[in-house]
Amino acid sequence: MAIRWPLFIRRTHKWLALFVGVQAAIWAASGMYMVAVHIDYIHGDHLVRTPEMTGQDLSGLVPPADVAARDAGTREVKLQQLLGKPVWKVSSEQGAYIVDARSGERIPELDKSLAVEIASSLYTGEPEIVSARLLDEAPQEMGSRKPPFWRIQFEGWNEPTFYISPTTGELIGRRHNLWRIFDIAWMLHIMDYDERSDVNNPLLRVATWSVVAMALAGAWLLYWSFPRRKKKKKVKAVA
Amino acid sequence: MKMESSIKARKSVFTHILWRKIHKWVGLILGLQFVLWSISGAVMALLDAEKVGGHAAPAPAPAISMDETAGPVGSLGSVEAISFRQLADRPVYELTAQGETKVVDARTLEPVEIDKGLAERVAREAFGHETALVSVDRLEKANLEARGHGGPIWRLDFADEENSSSYVSATTGRPLVNRGDTWRTFDFVWMLHNMDYVNRTSFNHPLIIFVAFGTLWLAFTGFYLLFKSFRRREFNWILGRKRTR
């Protein structure tokens, strides 16, 4: 028996669509969101003030070699600013910390008021604080970053939130509601509903190849979907 | 069946016939990109993210060797940025003054030239290469593989299975990135996916927004048409009923 190709392909397209159609719609919708909202905005570039590059006279500072000499595991000693004051950021095998570059004294972990002050000085909007908490466990939105951090949330429709390292005073994350929606869109796009990061999960692999088959069958169907002139007349006559 | 639908169509324009037509025409115009999106998406899901790499940081720099006293920094004057670290076998200062970045030996304060040999040592330490070096090139600015990094850059090709290329900054001697064949395949399909055929970086350009909007139509009209395309008897095999006719 000869296969009736148009029927066979239409059935394939239809049945594949029945199983992955919802996911195809979710891909289209989540993809649309991700392309429509600019990634720099998602990253929260607009929330953070870029500090001016100012020259720093090194003669009044404790030499970085002296700072490094105190800790045998030191990998790098780098000049940074902490609320306008010069500090040495030490990256060591034991972790990172900061040292007052003028006195040479190690700066203890930041308390709440200092963390809030740093966050406010970096924020481009009106720094009205909604909450400030020290987290020992990373929330979903900080994913792979290593806690602890100060979570400082500002007033605003998109709930802008800064994460400040208590050990170095650095801004290590910025989140807002459009970022959070993006993260959900990404989760739906890669179909990893737990970690939101595994792009090689079996569910995604099966779904993507099914949609490839559906799309190719759909493309094939187009061949029969545009009747040639002769056929068209016939249809019109019936109508 | 066809007759019936056509008669209904006279009453209202918004029947599934209209949606089927929209689905068909949008499919004709944007179908190729839909196919490319699904194929490139499927390939990206298939390529092992570990092998693709690109997100993992290079191995951490070695601890600073403290056997010799580093020179005083006071004589370096005013700088915008300074960092004290280990570069291969010696401690160095990496400093930026008047917008220009350079590396000086921490003991003598003499400029350090990042030559081929030093770049190779850095690349081997940072990316764990053990195979032979095939070729070394100096790039004045980043190529497509090292995009996002400032030049000049050393490109070092190694004779491993992945045909790895490591990139090391010729200004600071820092390891930048390592690319292999899996990454190259991934990057090609990623280009097909994000439709930025020149720079391969942006997915927020007008072309993709336009096509994505069209595809949203394709997906949604298609989803709606599913309800019009199936008849109850097609589910008999699940419902356990006998085939009629």
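Residues numbered from 1 in each chain as written. Chains lettered and ligands numbered in written order. Predicted model: local features only at pLDDT ≥ 70, side-chain atom pairs only at ≥ 80, totals over all residues.

**Q** Got a minute to help me understand the UniProt feature "transmembrane region" (unreviewed entry) in chain A in this structure?
**A** The residues that UniProt annotates with the feature "transmembrane region" (unreviewed entry) are residues 206-226 of chain A. The straight-line gap between the two end C-alpha atoms of residues 206-226 of chain A is 31 Å; of that span, 95% is helix and 0% is strand. (UniProt positions renumbered as here; feature names shortened; annotations may be inferred. Helix = DSSP H or I, 4+ residues; strand = E, 2+ residues; numbered from the N terminus.)

**Q** Can you help me understand the packing of helix H1 (residues 5-36) of chain A against helix H6 (residues 206-229) of chain B in this one?
**A** A pair of packed helices can be characterised by two numbers: the angle between their axes and the separation between those axes. Their axes nearest at 9 Å, the elements H1(A) and H6(B) cross at an angle of 150 degrees. Taken together, the axes of H1(A) and H6(B) are roughly antiparallel relative to one another. Crossing hand, H1(A) versus H6(B): left-handed. From H1(A), Lys14(A), Ala17(A), Leu18(A), Gly21(A), Ala24(A), Ala25(A), Ala28(A), Ala29(A), Gly31(A), Met32(A), Val35(A) and Ala36(A) reach across to H6(B), where they touch Ile208(B), Ile209(B), Ala212(B), Phe213(B), Thr215(B), Leu216(B), Ala219(B), Phe220(B), Gly222(B), Phe223(B), Leu226(B) and Ser229(B). The class makeup of the residues in the contact of H1(A) with H6(B) is 18 nonpolar, five polar and one charged. (Axes fitted to C-alpha atoms, helices over the stretch in contact; angles between N-to-C directions. Parallel < 35°, antiparallel > 145°, perpendicular 65-115°, else oblique. Left-handed = near helix turned anticlockwise from the far one by under 90°. Contact = placed C-beta atoms within 7 Å. Nonpolar A, V, L, I, M, F, W, Y, C, P; charged D, E, K, R; others polar.)

**Q** Before we go on, may I ask you to explain the interface of chain A and chain B in this structure?
**A** Much of the literature gives interface size as the accessible area that the parts lose upon coming together. If you look at the interface, chain A gives 51 residues, while chain B gives 53 residues. Where the side of chain A that touches chain B is concerned, the elements lending two or more residues are H1, strand E1 (56-57), helix H3 (64-69), strand E2 (74-82) and helix H6 (202-225) of chain A. Here the side of chain A that touches chain B is built from residues that sort into 32 nonpolar, 12 polar and seven charged. Where E2(A) lies against strand E2 (residues 81-87) of chain B, three bridges are found, and the strand directions are antiparallel. The residue bridging Glu76(A) from the neighbouring strand is Arg85(B), located in E2(B). (Pairing = 2+ DSSP bridges.)

**Q** Got a minute to help me understand the domain arrangement of chain A in this structure?
**A** Segmenting chain A into domains produces domain 1 (5-39 + 182-226) and domain 2 (45-49 + 60-175). Taking only C-alpha atoms, the centre of domain 1 of chain A and the centre of domain 2 of chain A are 42 Å apart. (Domains from an automatic or database assignment.)

**Q** Just to check I follow, could you spell out the pairing of strand E8 (residues 175-179) of chain B for this structure?
**A** Two faces belong to every sheet, and in a regular strand the side chains alternate between them. Within E8(B), five of the five residues are buried, which leaves the element mostly enclosed by the surrounding structure. Taking the residues between adjacent antiparallel strands as the criterion, strand E7 (residues 165-169) of chain B and E8(B) are bridged by five residues, where Gly173(B) takes a positive phi near 75 degrees. (Buried ≥ 20, exposed ≤ 12 C-beta atoms within 10 Å, placed from the backbone.)

**Q** Would you mind going over unusual backbone geometry with me for this structure?
**A** Peptide bonds are mostly trans, and most non-glycine residues show a negative phi. The omega torsion of the bond from Pro147(A) to Pro148(A) falls at 0 degrees, within 30 degrees of zero and hence cis. Checked against the element boundaries, Pro148(A) lands in the loop between strand E5 (129-135) and strand E6 (149-154). Cis geometry marks the peptide bond from Gly151(B) to Pro152(B), where omega comes out at -5 degrees. With respect to the element layout, Pro152(B) can be found in the loop between strand E5 (133-139) and strand E6 (153-158). Even without a glycine there, the phi angle at Leu83(A) is positive, about 50 degrees. Locating Leu83(A) in the fold gives a position in the loop between E2 and strand E3 (85-92).

**Q** Help me out: how do you make sense of the sheet that holds E8(B) in this one?
**A** Hydrogen bonds between backbone groups are what pair the strands of a sheet, and the pairing can be parallel or antiparallel. Residues and elements named next belong to chain B. The strand order across the open sheet built from four strands is E5-E6-E7-E8, with neighbouring strands paired in antiparallel fashion. The sheet terminates laterally at E5 and E8, the two strands that pair on one side only. Ignoring which end each strand starts from, the neighbouring axes of this sheet average 15 degrees apart. Bridge count between E6 and E7: five bridges; the pairing is antiparallel. Among the inter-strand pairings, Arg 155 is bridged to a residue of E7, identified as Tyr 167.

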